[in-house]
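Listed below are the residues making up each chain.
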Amino acid sequence: MIDIKLIRENPELVKENIKKKFQDEKLPLVDEVAQLDKEFREAKTKGDALRGDRNRISKEIGKMMGQGLKEEAENAKQQVKDIDQELLDLEEKEGVLADKIKQIMMVIPNIIDPSVPIGKDDSENVEIERFGEPVVPEYEIPYHTDILEALDGLDLDSARNTSGNGFYYLMGDVARLHSSILSYARDFMINRGFTYFIPPFMIHSDVVTGVMSFKEMENMMYKIEGEDLYLIGTSEHSMIGRFLNRTVKEENLPYALTSYSPCFRKEVGAHGIEERGLYRVHQFEKQEMVVVCKPEDSMEWYDKLWKNSVDFFRSLDIPVRTLECCSGDLADLKVKSCDVEAWSPRQQKYFEVGSCSNLGDAQARRLGIRIKGKDGNYFAHTLNNTVVAPPRMLISFIENNLEPDGSVRIPGPLQPYMGGQTKIEVVKERKNTI
RNA sequence: GGAGGAAUACCCAAGUGGUUGAAGGGUCCGGUCUUGAAAACCGGUAGGUCACGAAAGUGGCGCCUGGGUUCGAAUCCCAGUUCCUCCGCCA
């Protein structure tokens with residue numbers, strides 16, 4: 001959500017930005033909202049004057065009553081009644097205009113950073129960095145569900161019975177590996193100066209509507225029946241929701257936070273064959289980074305954030321690359337963003353394991369996150385990024401650490417979290433599987 | 001979940017329909033006094049946000065939130081949220 005003042009003062013800049021994002025259909029909205037804004041301010045100025053009159057006259061009535069001036073008071077009452085009548089329509093108009101303006105402002109995209117490459121869609125995203133040797137093995141790598149089942153570590157059939165498609169049981173060493181990755185990720189971020197958080201896993205509807213559009217909400221969020229509660233789709237929801245309509249002290253910045261949570265997503269819509277198994281599930285767990293900082297610091301934080309993810313994957317011997325989102329692929333709220341992708345030896349391509357975003361002040365404006373400065377308040381900048389999100393991450397992990405005999409290596413940093421174990425062996429008898 | 005009580009500004013707190021333009025303290029800032037400090041005394045302390053205005057400034061909204069009653073609401077009514085006390089239940 002951009003500042004409407006920008007539309008008043010520099011509509012051409014806003015239009016240029018829309019063109020850069022190949023959303024020409026939104027161009028008329030700029031003039032439309034400018035006109036609505038003009039009407040709204042006229043109505044508000046008029047309304048404020050009337051409300052002022054009402055306040056003044058009502059006060060006078062009080063004095064008249066005190067002095068016993070009955071008749072004058074009755075006259076004045078009628079005057080205020082007339083004002084109220086006039087305000088009735090005007091206030092409705094103010095409300096309608098304000099709603100319309102907000103609706104349009106929500107879809108006008110944030111001004112992208114000058115460094116963002118211009119391109120129509122994700123095919124024009126730009127690789128900015130690559131680490132590790134993308135291994136092409138001589139033998140065929142099985143589908144990840146087959147690898148995990150051979151380790152007696154995954155039971156999708158039972159999960160389908162208990163909970164439906166999109167759920168899973170992780171078992172034995174594989175379940176432990178899953179937890180180890182999250183624990184390691186937590187410590188990894190703590191060591192880099194982030195503060196560890198465990199947030200609420202359910203949030204109220206006003207927080208939900210603050211952090212996402214109605215459409216996103218419909219497609220993603222699970223609602224608790226009979227309660228004003230939704231299961232979070234990512235800990236960013238409760239982490240950034242914490243700052244909703246809050247003013248933070250300048251000297252307390254930056255907030256560099258890392259949060260753990262399970263994430264629940266409806267994942268409405270059809271998905272391809274490559275998304276079977278653990279690619280796209282209704283429930284996963286995630287270690288996340290959230291930063292709230294001063295505007296001048298956000299770009300520096302942006303670079304730090306995505307590099308954290310890269311370093312994390314490198315420390316587990318997983319080849320990764322960073323792909324910058326081009327203008328057309330950038331979500332409307334974002335100033336700049338990139339995806340961190342891990343190598344899949346089986347598919348012999350990279351796939352997304354995390355996404356890093358600088359939202360500038362757009363999210364803060366939408367949520368009312370302000371900084372109390374010496375010379376007045378101003379909106380904060382917000383950023384977020386994935387550290388790691390298993391079980392999807394397990395796919396790249398086991399594919400890259402798979403031995404020809406089907407066992408899976410545990411890289412050094414993870415071994416302490418696995419009780420010193422250096423590999424997960426294929427089992428002869430699958431005792432965990434019913 | 002049940003029964004009571006509460007929510008006012010940075011903090012404490014008064015306030016049952018109209019000179020409340022939210023009393024009074026405290027904190028904080030400035031001053032007097034002092035070698036310096038403390039104390040005492042004097043003065044200043046709603047902050048935010050929106051609109052109008054070149055500016056000075058003017059006005060709207062703000063007493064947990066959202067509705068309502070009224071000429072007028074911190075105050076009355078309805079719904080909700082959070083906190084406290086007690087009871088019940090529970091890792």
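Refer to the structure printed above.
Please read these numbers as outputs of a predicted model, since none were measured by experiment.

1. Overview of the pairing of strand E12 (residues 336-344)
Across the nine residues of E12, nine count as buried, placing the element largely inside the fold. Side chains Lys336, Cys338, Val340, Ala342 and Ser344 of E12 all project onto a buried face; the interleaved residues Ser337, Asp339, Glu341 and Trp343 project onto the opposite face, where all are buried too. One ladder, built from five bridges, connects strand E11 (residues 320-324) with E12; its direction is antiparallel. By the bridge assignment, Val320 is partnered in E12 with Ala342. Sheet topology note: the E12/strand E13 (residues 349-358) ladder contains nine bridges and is antiparallel.

2. Side note on the pairing of E11
Every regular strand shows the same layout, with side chains that alternate between the two sheet faces. Of all five residues making up E11, five are buried, and the element is well covered by its neighbours. Burial along E11 is two-sided: the face carrying Val320, Thr322 and Glu324 and the face carrying Arg321 and Leu323 are both buried. Here strand E1 (residues 126-131) runs beside E11; their pairing, made up of five bridges, is antiparallel. When the bridges of E11 are listed, Val126 appears paired with Glu324.

3. Topic: the nonpolar core
Counting 59 residues, the largest nonpolar core has Leu177, Ile181, Phe312, Phe313, Val388, Met393 and Phe397 as the members making the most contacts within it. Contact partners of Met393, with chain neighbours within four places excluded, come to Ile181, Phe312, Phe313, Leu316, Ile318 and Val388. Core analysis: the next-biggest nonpolar cluster, separate from the first, contains 26 residues, Val208, Ile240, Ile371 and Ala380 among them.

4. Topic: the protein's contact with RNA strand B
The environment of RNA strand B is formed by 19 residues, the closest being Lys44, Thr45, Ser58, Val80 and Asp84. In RNA strand B, atoms within 4 Å of the protein come 71% from sugar and phosphate. Ser58 places a polar main-chain atom, nitrogen or oxygen, 2.6 Å from a base nitrogen of RNA strand B. Contributions of two or more residues to the surface near RNA strand B are made by helix H3 (27-67) and helix H4 (70-107). Here the surface near RNA strand B gets twelve residues from one element, more than from any other, and that element is H3.

5. Structural notes on the sheet that holds strand E8 (residues 247-249)
Spatially, three strands are ordered E8-E14-E15 in an open sheet, and the strand pairing comes out mixed. Where the open sheet ends on each side, the last strands, each with one partner, are E8 and strand E15 (376-379). Neighbour to neighbour, the strand axes of the sheet diverge by 35° on average, direction disregarded. Bridging between strand E14 (residues 370-373) and E15 involves four bridges; their strand directions are antiparallel. Along E15, the bridge assignment pairs Ile371 with Tyr378.

Conventions we followed
Residues numbered from 1 in each chain as written. Chains lettered and ligands numbered in written order. Predicted model: local features only at pLDDT ≥ 70, side-chain atom pairs only at ≥ 80, totals over all residues. Heavy atoms only, no water. Buried < 20%, exposed > 50% of the residue type's maximum accessible area, 1.4 Å probe, protein only. Helix = DSSP H or I, 4+ residues; strand = E, 2+ residues; numbered from the N terminus. Pairing = 2+ DSSP bridges. Core = buried A, V, L, I, M, F, W, Y, C linked by side-chain atoms within 4.5 Å. Contact = heavy atoms within 4.5 Å. Near = heavy atom within 4 Å. Polar contact = N/O pair within 3.5 Å; in protein donor to acceptor, adjacent residues only side chain to side chain. Axes fitted to C-alpha atoms, helices over the stretch in contact; angles between N-to-C directions.

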